Amino acid sequence: MTELLKVVGLTREYPGVRANDDVSFSIGTGEVHALLGENGAGKSTLVKMIYGLEKPDAGFMKLRGGSYTPANPQAARAAGVAMVFQHFSLFEALNVAENVALGMENPPKMRELAASIRQVSENYGLPLDPDRIVGDLSAGERQRVEIIRCLLQDPKLLIMDEPTSVLTPQEVEILFKTLRKLQSEGTSILYISHKLEEIRALCDEATILRLGKVVGECDPKTTTARDMAEMMVGQTLHVPSRESSEAGEMLLEVKDLDFAPANPFGTRLKNVSLKLRAGEILGIGGVAGNGQDELLSVLSGEARTDKGAITFDGQDVSALGPNARRRIGLLTAPEERLGHAAAPNMSLTENAALTATIRKKLSKNNFLNWKKTESFAREVIKAFDVRTPGPASAARSLSGGNLQKFVIGREVLQDPKVFVVNQPTWGVDASAAADIRQALLDLAAGGAGVIVISQDLDELMEISDHFAALNEGTLTAPRKAKGLTVDEIGLMMGGAHDLEAAQ
Amino acid sequence: MITFVKRPQPSKFWTIATPVLAVILTMILGGLLFAAMGKDPVVAIRTIFWDPLFNDQFAAYSRPQLLVKAAPLILIAIGLSLGFKAGIWNIGAEGQYIIGALTGASVGLALYPLDAWWIFPLMVIAGALGGFLWAMIPAILKTRFNTNEILVSLMLVYVAEQILASAALGFLRNPEGNGFPGSRNLSQIPAMSNPELISGTGAHWGVVAAFAAVVAAYVLINKHMLGFQIRLTGESPRAARFAGVKDRLLVVFCLGTAGALAGLAGLFEVTGPAGQISIDFGAGYGFTAIIVAFLGRLHPVGILLAGLLLALTFIGGELAQFMLGLPSAAIQVFQGMLLMILLAMDILVNYRVMIVNKEAA
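Figured I'd write up the structure that's included with this text. All values reported here derive from a predicted model rather than from experimental measurement.

## Quick notes on the overall build of chain A
Within chain A one finds 16 helices and 23 strands. Taken against the 2.2 N^0.38 rule, which gives 23 Å for 503 residues, the C-alpha radius of gyration of chain A at 23 Å falls within 12% of a compact globule. In terms of overall dimensions, chain A has C-alpha extents of about 70 × 55 × 40 Å along its principal axes. The buried share among the 503 residues of chain A stands at 56%. Partitioning the contacts of chain A with sequence separation of at least 6, the portion at a separation of at least 24 is 65%.

Take a look at the structure:
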């Protein structure tokens, strides 16, 4: 295998942190190379340098033997390097072809572009209609738009950042087929993921980063996922263990809930019913954008629903706002950490006051007790091992995983009766994710009811007593999690919708 | 090549340093402007910033003027800053100021010639209420029909100006004024006047109210739940909703408080320094207060200092017109420069300036 990209001694420093320290590795032509590491290990910085978004302070790169110093992403694309980001940059109100054209330097005529999109999507088994409006597409289809946008440039190296985090198992299979086909045609792929089983199934080589340094290289096909995870975190993993508990009293009941969100691109919840007992963890799977945000907002009280739709502890809470629900013990943690669960420019102390003033009695006569609030913030930081200089740090200065630990910790330490959390470990590194899951398990073991909305099926299978799936705003009937097969889950997540359409 | 790198957190140092730097830079650029107009820049800057306070000849007159001009600016800016912090843009303080003066003066004049101690307090309440109600128009339209408060509050300024003109010419006109426009002189009616409390300082009840507002706003913003909710809403509306903030109530509170404070400022002005309702009563305090609010970084103490600084440029500017023959437009350009430069310097609070050698990369 000839060498395509060689990275030698790349170093990049930010104020106060060395994000990449003397990083070297190489990718062969037609190789699928995994980049593994915890949050903050420096993966993003590294690929940003390869894609021309950041410049290294030291070190150099070689592409096909020649010097490679991309000044910007345009230069990187011209050299044959393309990237699919974790967060899509698509305009919801435009159609697929228009979105693709916006990313091109010299877009061809719309009709020709649509034809080539069709051709590429057929060649690589990525079904996509160029005339559809992006706002109507599922997350998986949106990702296809991004991938096809890259493939139209005929890249030599395709960088993919956590591509499967938004996909159903079936969609993952389609993606992998596409990636293998690309590989067989000689395209190299740099694949970033937390999901070790995926990397074992797909990748030829893996480079493992920790704290900005390369700590190991391995052949993922012959290394166990556990070994790779331990290399990543540099310590033995703490595996959560589910102690099945007897079903307790009924805590939360949602009955025939219909809800139309204010946002026109939101998902309408249709006839959603669920029951949650004390000590139970209900896992709700499904691809993002199928009503998860809406379900959380009706449970948190940010959005109100019809009378009688939500009963908590025998009381109709449909008309109560977020703080009234907190007072009686119904706590939530939304998916979006920055800007929803936490205010980016505010300190951790202020962010602790965001939800905890009532249950932690942080205010008196509506005057905040900042001392008490700060000590609560410290308590969260300590109990959940949030890595930060202190409670005065702004929320935005924390890495995603650390902020998530803070957000979860803030709610868990308020001793909720029911805790609803959306994507608790999304974009969180393996060891932090294990801590968060353990905290949820402890919460349930202590008699609280927990609803975990997540796209990570392994996670849900690991901690849930019951499992249900959200699909286009419809919730399937919950089933016992134990014994469910991947195919059954896939059917619950995507198939239920097809059945409905066939009726 | 110069690039800007985002700081992990806003810099405390630059939050304080940028207004100072902006003032210095404005002095330099303003000096260049005055030099281009054929005036000695050093003399011009000295006339604006130094002479009003320390020149033997003028200070006796202009020093008290500082508090007289600063008080309404500070009072209005404090009210505006609450809304601005929450992302609620009340641009119509000028209108609320005028209506406050009108309602307060109307209540007083309706009781003329009664002489009782409670008349002035009653007028104060009526002034605050007038400003409050005028601000409720954009507030209710916004919460009910989702209209843009910037447009509605701004347009209501022009409505208020028309009402002012009709009052000065019509229902509030002094019956003993020989047909001249303008109301009775309230500052000469003991029961309605807002006198200088300490001779030679310019301090009247409006100054007291302004200082009280600074303290109250400081406590509200830093200690009270409502102040926290205001900041949270400005930082991140979605997080605020998650924290249980009732956003409509907040709109009503912020607009209402700003309106009431602007109304108070108008009442204190009409019963004191201005003395009467006249066609040109609206002197632009309501608009200048927007500059004061931002110059003071929406911080109560900052607003206090900014109000004094801007009052100084007003008085100094008048002095410069009078002494050096600078056109008033040049003074307005100078004040505009101050805001522009301050906003431009804002970038230093959240970004670091880095000089990058392009070749080396």
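## Looking at the sheet that holds strand β10 (residues 213-218) of chain A
Residues and elements named next belong to chain A. What the six strands build is an open sheet, ordered β6-β7-β8-β3-β9-β10; its pairing is mixed. The open sheet terminates on both sides in strands that have one partner only, identified here as β6 (81-84) and β10. Averaged over all pairs of adjacent strands, the angle between their axes in this sheet comes to 20 degrees, without regard to strand direction. Pairing geometry for strand β3 (residues 32-37) and strand β8 (residues 188-192), over four bridges, is parallel. The partner of His33 across the bridge, within β8, is Leu190. Of the strands in this sheet, β3, β6, β7 (157-161), β8 and β9 (205-210) touch helix α1 (residues 43-50), which is tilted by about 140 degrees from β3.

## Quick look at the packing of aromatic side chains
For the structure shown, the criterion picks out 13 aromatic pairs over all chains. Their ring planes at 70 degrees and their centres at 5.8 Å tell us that Tyr51 of chain A and Phe85 of chain A sit as a pair that is edge-to-face. Here Phe85 of chain A lies in the loop between β6 and α3 (96-102) and Tyr51 of chain A lies in the loop between α1 and β4 (58-63), a separation of 34 residues in the sequence. A relative accessible area of 27% means that Phe85 of chain A is categorised as partly exposed. Seen in terms of ring centroids, Tyr97 of chain B and Tyr285 of chain B are 5.9 Å apart; in terms of plane orientation they differ by 70 degrees. Their pairing is edge-to-face. Note that Tyr97 of chain B is positioned in helix α5 (residues 93-111) and Tyr285 of chain B in helix α12 (residues 285-295), a separation of 188 residues in sequence. You'll find Tyr97 of chain B and Tyr285 of chain B in the same group, each marked buried. Cluster of aromatic residues (ring-pair linked, three or more members): Phe34, Phe49 and Phe334 of chain B. Directly above the ring of Tyr124 of chain A sits Lys181 of chain A, whose terminal nitrogen or CZ lies 5.6 Å from the centroid.

Definitions and limits used
Residues numbered from 1 in each chain as written. Chains lettered and ligands numbered in written order. Predicted model: local features only at pLDDT ≥ 70, side-chain atom pairs only at ≥ 80, totals over all residues. Heavy atoms only, no water. Helix = DSSP H or I, 4+ residues; strand = E, 2+ residues; numbered from the N terminus. Rg over C-alpha atoms; globule rule 2.2 N^0.38 Å. Buried < 20%, exposed > 50% of the residue type's maximum accessible area, 1.4 Å probe, protein only. Contact = heavy atoms within 4.5 Å. Pairing = 2+ DSSP bridges. Axes fitted to C-alpha atoms, helices over the stretch in contact; angles between N-to-C directions. Phe/Tyr/Trp six-rings, centres within 6.5 Å; stacked < 30°, edge-to-face > 60°. Lys NZ or Arg CZ within 6 Å of the ring centre and 35° of its normal.

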